[in-house]
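Coordinates in review
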Amino acid sequence: MKAYRSSVSKLPGTNYKEAYLKAHIFYKRIRSRSKRRPYIRSAYFKKSKIFLGLFWQHLDLKNWRDRHRRIRLFPCAIDLIQNSRFDPTTKQNPNKPDELLHRFAGLTRDNELFFVQIKEDRSSDQKWLVSVFPEDT
């Protein structure tokens with residue numbers, strides 16, 4: 001699998017609160033573009049919408065240390081989704097057969113490997129950003 005080299009670096013911050021404030025400002029810019037659900041357009045999926053709401057729900061389920069590691073990669077994940085045309089690893093969700101899980105690989109500006117997972121609902125053809133995480137998980 002090829003990894004997309006992001007032009008964005010990870011968010012600075014020594015704890016979750018510092019990184020969250022910067023990520024939330026980044027997210028507010030995206031959210032202000034739409035009156036309804038926040039989304040970004042994906043280059044790989046032919047400019048279709050990738051909704052972002054599920055990411056924040058998934059992040060709330062994690063412990064503080066894991067939240068901090070993941071939220072720092074949020075701008076890199078947005079850059080990867082918007083610009084990457086590399087093929088992801090795709091598999092069917094074992095719990096729900098009508099869902100596909102796409103996993104994209106990316107490199108930050110500092111050459112750290114991370115992964116972005118997108119869930120695709122085949123019945124409604126909607127795509128959701130589920131998770132972003134570094135390689136060492």
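What you see as residue numbers is a count from 1 along each chain, following the sequence as written. A pLDDT threshold of at least 70 governs which residues receive local features in this predicted model, and a stricter bar of 80 or more applies before side-chain atom pairs are shown or counted, although totals over entire chains, interfaces and linings include all residues. The side-chain figures draw on all heavy atoms in the structure; neither hydrogens nor water molecules are used.

**A short note on the layout of surface pockets**
Operational definition: In this analysis a 1.4 Å probe is tested at points of a 1 Å grid over the protein atoms alone, and where it fits but cannot get out there is a cavity; an open set with protein on both sides within 12 Å along at least five of seven lines is a pocket; lining residues have an atom within 4 Å of a point. Grid points are joined across faces, edges and corners, and a volume is the space filled by probe spheres set on the points. When residues are sorted by character, Ala, Val, Leu, Ile, Met, Phe, Trp, Tyr, Cys and Pro go into the nonpolar class, Asp, Glu, Lys and Arg into the charged class, and all the rest, Gly among them, into the polar class.
Quantified by volume, the largest pocket comes out at close to 170 Å³. Considered class by class, the residues forming the lining of the largest pocket number four nonpolar, one polar and six charged.

**Considering the packing of helix α1 (residues 16–31) against helix α3 (residues 64–71)**
Which entries qualify depends on this criterion: Note on geometry: axes are lines fitted to C-alpha atoms, helical ones only across the stretch in contact, with angles between N-to-C directions running from 0 to 180 degrees. Under the scheme used here, helices are H or I runs from DSSP no shorter than 4 residues and strands are E runs no shorter than 2 residues, and both carry numbers assigned from the N terminus. Two helices crossing with the near one rotated counterclockwise from the far one by less than a right angle form a left-handed crossing, whereas a clockwise rotation gives a right-handed crossing. Only heavy atoms matter for contacts: two residues are in contact if any of them lie within 4.5 Å across the pair.
The geometry of α1 relative to α3 is characterised by a closest axis approach of 9 Å and an angle of 35 degrees between their N-to-C directions. The element α1 and its partner α3 pack so that their crossing is left-handed. Residue-level inspection shows Y16, A19, Y20 and A23 of α1 in contact with α3, the latter providing W64, R67, H68 and I71. Of the residues assigned to the contact of α1 with α3, the class counts are six nonpolar, one polar and one charged.

**Section: the pattern of salt bridges**
Convention followed: Criterion for a salt bridge: a side-chain nitrogen of Lys or Arg within 4 Å of a carboxyl oxygen of Asp or Glu. Here the term buried applies to any residue with accessible area under 20% of the maximum for its type, exposed to any over 50%, and partly exposed to those in between, with areas from a 1.4 Å probe on protein chains only.
Across all of its chains, the model carries seven salt bridges by this definition. Of the charged contacts in the structure, one is a salt bridge between K96 and E99, with a shortest N-O distance of 4.0 Å. For K96, a relative accessible area of 45% puts it in the partly exposed group. Residue class for E99 comes out buried when judged on its relative accessible area of 7%. Across the pair K119 and E99 runs a salt bridge whose closest N-O atoms are separated by 3.7 Å. Here E99 lies in strand β5 (residues 99–107) and K119 lies in strand β6 (residues 113–121), a separation of 20 residues in the sequence. Exposure remark for K119: the relative accessible area of 19% places this residue in the buried category.

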